Amino acid sequence: MLIVPLAIIATTALIDIDTPETIHLGPFLIAAPALTAAFAGPGLTAAVGALAVVAQIVIAALHGGVSTPNHEAQIAAVLVISVFLVVFRRLLDRYERQLGRVRSVAVVAQQGLLRPLPRRIGPLGIASVYIAAEAGAQSAGTCTRWYPPRA
């Protein structure tokens, strides 16, 4: 999947270099780290963001210089948004780890509280059905129903 963001950077840079200086395609470079943040961690997102900033600097150098106000603004925009994406991805990873820990505690608690019912208690046969509150839920908001055995 990393090929797509890298292709976005390469394609945008090549097309922008070949277009007149009045047409600026550099802002499209931000799509690469944004897409990377959707499937990769903060480290890879930062690397792709840095590569996008470097590509923007190369474009600026070939189109009138890095020190022009327009190019400075474009470089700063790609840099700032890339940093935001890295921070966002880092926070998202932390929340996903916390959610995983909470789910594992909930599953252990449920298994300890809702022990499986025996099939029989003396002459009485027992059957039960597990009904989840949501699809895929294994804890919280669930109930077990008991049905009398069929005669």
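Residues numbered from 1 in each chain as written. Predicted model: local features only at pLDDT ≥ 70, side-chain atom pairs only at ≥ 80, totals over all residues. Heavy atoms only, no water.

A few points about the environment of Ala73
Applicable threshold: A helix here means a DSSP run of H or I that spans at least four residues, while a strand means a run of E at least two residues long, and both kinds are numbered starting from the N terminus. A 1.4 Å probe rolled over the protein chains alone gives each residue an accessible area, and that area as a share of the maximum for its type sets the label: buried under 20%, exposed over 50%, partly exposed in between.
Considering the arrangement of structural elements, one finds Ala73 in helix α4 (residues 69-113). Using a relative accessible area of 44% as the deciding quantity, one classes Ala73 as partly exposed. Remark: the alpha-carbon pair of Ala73 and Pro27, spanning 46 residues in sequence, is separated by 9.9 Å.

With respect to the nonpolar core
Using the following cut-off: Definition of nonpolar core: a set of buried residues of the types Ala, Val, Leu, Ile, Met, Phe, Trp, Tyr and Cys, connected through side-chain atoms within 4.5 Å.
One finds Ile9, Leu29, Ala52, Ala55 and Val78 to be the most contacted residues of the largest nonpolar core, which totals 13 residues. Those elements that provide at least two residues to this core are α1 (3-18), α3 (42-62) and α4. In terms of residue count, the dominant contributor to this core is α3 (six residues).

A look at the side chain of His71
We count it as follows: Here a polar contact means two N or O atoms within 3.5 Å. Within protein one must be a hydrogen donor candidate and the other an acceptor candidate, and residues neighboring in sequence count only if both atoms are side-chain atoms. Whether two residues touch is decided by their heavy atoms; if any such pair falls within 4.5 Å, the residues are in contact.
Looking at where His71 falls in the secondary structure, it is placed in helix α4. Here Gly65 takes part through its backbone oxygen, which lies 3.0 Å from a polar atom of the side chain of His71. With near-sequence residues (within four places) excluded, His71 lies in contact with His24, Ala60, His63, Gly65 and Val66.

Points about the packing of α1 against α3
Formally: Axis definition: a line fitted to C-alpha atoms, limited for helices to the stretch in contact. Angles are taken between N-to-C directions and run from 0 to 180 degrees. Between 65 and 115 degrees an angle is taken as roughly perpendicular, under 35 as roughly parallel, over 145 as roughly antiparallel, and anywhere else as oblique. Throughout this entry, Asp, Glu, Lys and Arg are counted as charged residues, while Ala, Val, Leu, Ile, Met, Phe, Trp, Tyr, Cys and Pro are counted as nonpolar. The remaining residues, Gly among them, count as polar.
Remark: α1 packs on α3, axes separated minimally by 10 Å, with the N-to-C direction vectors making an angle of 5°. When the axes of α1 and α3 are compared, the pair comes out roughly parallel. Residues Pro5, Leu6, Ile9, Thr12, Ala13, Asp16 and Ile17 of α1 pack against Val48, Leu51, Ala52, Ala55, Ile59 and Leu62 of α3. Taken together, the residues of the contact of α1 with α3 sort by class into eleven nonpolar, one polar and one charged.

Describing the environment of Thr12
Locating Thr12 in the fold gives a position in helix α1. Residue classification places Thr12 among the buried positions, given a relative accessible area of 11%. With 17 residues separating them along the chain, Thr12 and Leu29 place their C-alpha atoms 6.6 Å apart. The contact partners of Thr12, leaving out residues within four places of it in the chain, are Leu25, Phe28, Leu29 and Ile59.

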